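Structural overview
Next come the chains, spelled out residue by residue.
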Amino acid sequence: MENVFDVVIIGGGPVGLRVALSLGRAKLRVLVLEAKSRVGYPNHCSGLVPIEFINIGEVKDNLILNYIKGSAVYSFKENSFLFKRDIPYAAVIDRTNFDIYTEKLAKSASAKIIYNAYVKEIKKEGKNTLVRLNSGDEYFARVLVVATGAANAIQSKIGVELKSETIYTVQVDGEVSLEDYEVAYIYMNNRIATDWFAWIIPTKDGFVRIGLGTSKGENILKKLDELFSEWSLLKHARIVSKPVVWSIPIGIPKRIVFDNILFVGDSARQVKPFSGGGLLTGFIGADDLSKAVLKAFNGPDESFYKALSSYESNVKEKLYKEFGRELFLRDIYKTLSDESKDKILRSINKDKVVDVLLKFGMMDKPSITGLKLLKEMPLMLFLYLKDKLSV
Ligand SMILES: Cc1cc2nc3c(=O)[nH]c(=O)nc-3n(C[C@H](O)[C@H](O)[C@H](O)COP(=O)(O)OP(=O)(O)OC[C@H]3O[C@@H](n4cnc5c(N)ncnc54)[C@H](O)[C@@H]3O)c2cc1C
């Protein structure tokens, strides 16, 4: 039947497209339903990815805008700490064209993509799941993959809740004069970027992505104005794009597999709780999901659901365990006042911190680096406990 698919994926973001690509290559009948008229727009993402993502994500050279070798962290009083290596630890990718490229690969692997296809209803029909669009068109899925990003509408349609904390974000492209374009700049100011941080990520030829995240959603554009007037690096910046307001869902869901319905990417909160990076982790989730789906289709009928659920246990081990430790570090970060963070930056023993960063990396497992830093910086622990008790 024309409208019956092995796998229907709701959401044509990078993670949904990655699943479509893998399962299309494995010759399953795959359909992607994307609410928007095209993929990749608007770009809400900074595109900063660990170097290993270039291989994993099949990122072509022309999609790499810049390489990042270090970071400079600023307190609200503009005391700063700069760390830089000789070799890059991250790349900045062209996120819009990366999504379009992944879409092209998925199509050439025979995945079908329908645009302007907002899914408004989901219903169990025997072994399959019925998916109904706003237009009234209907499709049937043996396996349904939910890759809808931060949007939570599908959860309520199937009566589940994947709890998360929302970080509200805004980002613009800009032109800024910086001393070093191989460094990612971070600004900690709790009044502007509450419980999170602001950033400048250099892309190409003097251009940058400037943004902030906050746990307080209201007046985010006003916060962006404040950021531009308060962070000295941005005093003479020129904005060259419209602001994009988006959100990052962080947390650890109890379940991400519900019979034949599987959540992945941001919709499964596969986002690093300390940095908000979700491309590498989303692709790890997507690849594990694809393996489980193939196991289900290639195995005996009676082990179909068991094979699908192996995705959940694998991802718990690979991603959510680490996220648990990052959430602990995030609690420390959230508890420390701006004054305490400033004090820590001023008192840092640069050699020791650089040692830890060189040894344990910056992006792969921030929890390991963070816990080691905590050990090297008793002042951080002391101020955390002091700030915690005074709350
Ligand atoms: C400001 C900001 C900066 C970031 N910077 C980085 C970074 O530097 N590095 C990094 O690794 N990560 C970063 N991230 C995170 C990264 O962007 C996400 O992890 C990634 O986009 C997740 O991909 P996804 O496919 O799961 O979801 P999305 O990219 O959100 O895609 C979901 C898709 O589902 C569609 N959809 C939603 N609901 C429906 C529906 N009902 N029917 C049909 N379609 C639907 C949407 O239209 C959308 O196209 C950033 C995020 C933000 C907000």
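Below, the structure is looked at part by part. All of these numbers come straight from a predicted model, not from anything done at the bench. (Residues numbered from 1 in each chain as written. Predicted model: local features only at pLDDT ≥ 70, side-chain atom pairs only at ≥ 80, totals over all residues.)

1. Focus: the overall build of the protein chain
Cut-off, in case you're wondering: Under the DSSP-based scheme used, a helix requires at least four consecutive residues in state H or I and a strand at least two consecutive residues in state E, with every element numbered from the N terminus. When we talk radius of gyration, it's over C-alpha atoms, and the globule rule is simply 2.2 Å times the number of residues to the 0.38. The burial label depends on the number of other C-beta atoms within 10 Å of a residue's C-beta. Counts of 20 or more mean buried, 12 or fewer mean exposed, and intermediate counts mean partly exposed, with C-beta atoms placed from the backbone. We call two residues in contact if the C-beta atoms placed from their backbones are at most 7 Å apart.
In terms of helices and strands, the protein chain carries 11 helices and 19 strands. Computed over its C-alpha atoms, the radius of gyration of the protein chain comes to 22 Å, within 12% of the 21 Å expected for a compact globule of 391 residues. The principal-axis extent of the C-alpha atoms belonging to the protein chain is close to 65 × 40 × 40 Å. Within the protein chain, the proportion of its 391 residues that are buried is 41%. Within the protein chain, residue pairs in contact and separated by at least 24 positions form 70% of the contacts whose partners lie at least 6 positions apart.

2. Quick look at the nonpolar core
Quick note on the threshold: A set of buried residues qualifies as a nonpolar core if it consists of Ala, Val, Leu, Ile, Met, Phe, Trp, Tyr and Cys joined through C-beta atoms within 7 Å.
Ranked by size, the top nonpolar core spans 89 residues in total, and within it Val7, Val8, Val145 and Leu262 carry the most contacts. Per element, the largest residue contribution to this core is seven residues, and it comes from helix H6 (residues 279-298). The contact partners of valine 145, leaving out residues within four places of it in the chain, are Val7, Ile9, Ile10, Gly16, Val19, Leu262, Val264 and Leu289.

3. Observations regarding the site of the ligand
For the record, the criterion: Any residue whose C-beta atom, as placed from the backbone, lies within 6 Å of a molecule or strand is termed near it. Only Asp, Glu, Lys and Arg are considered charged, only Ala, Val, Leu, Ile, Met, Phe, Trp, Tyr, Cys and Pro nonpolar, and every remaining residue, Gly among them, polar.
Around the ligand, the surrounding shell holds 40 residues, and the nearest of these are Gly11, Gly13, Gly149, Gly265 and Gly278. Mapped onto the shell around the ligand, the elements with two or more residues apiece are helix H1 (14-25), strand S3 (48-50), helix H4 (153-158), strand S12 (165-175), strand S17 (244-250) and H6. Here the shell around the ligand is built from residues that sort into 20 nonpolar, 17 polar and three charged.

4. Remarks on the environment of threonine 203
The topology assignment puts threonine 203 in the loop between strand S14 (198-202) and strand S15 (207-214). Under the C-beta neighbour-count criterion, threonine 203 is labelled partly exposed, with 19 such atoms within 10 Å. Between the C-alpha atom of threonine 203 and that of valine 92, which follows or precedes it by 111 residues, the distance is 6.3 Å. Discounting chain neighbours no more than four positions away, the residues touching threonine 203 are Leu65, Asn66, Val92, Val208 and Arg209.

5. Regarding the pairing of strand S6 (residues 80-84)
Every regular strand shows the same layout, with side chains that alternate between the two sheet faces. Note the following rule: The pairing criterion for strands is at least two bridges between them, as found by DSSP.
Pairing geometry for strand S5 (residues 70-74) and S6, over five bridges, is antiparallel. Each bridged residue has a counterpart across the sheet, and for tyrosine 74 the counterpart in S6 is serine 80. In this structure, the hairpin formed by S5 and S6 is closed by a connection of five residues, where glutamate 78 is found at a positive phi of approximately 70 degrees.

6. Quick word on the sheet that holds strand S4 (residues 64-68)
So the rule is basically this: Axis lines are fitted to C-alpha atoms, over the contacting stretch for helices. Their N-to-C directions set the angle, which ranges from 0 to 180 degrees.
Strand order in the open sheet formed by three strands is S3-S7-S4, and the pairing between neighbours is antiparallel. Looking along the sheet, the strands with just one partner apiece sit at the ends: S3 and S4. The sheet shows a mean angle of 30 degrees between the axes of neighbouring strands, taken without regard to direction. In this structure, S3 lies alongside strand S7 (residues 90-93), joined through three bridges in antiparallel fashion. What sits directly across from leucine 48, in S7, is valine 92.

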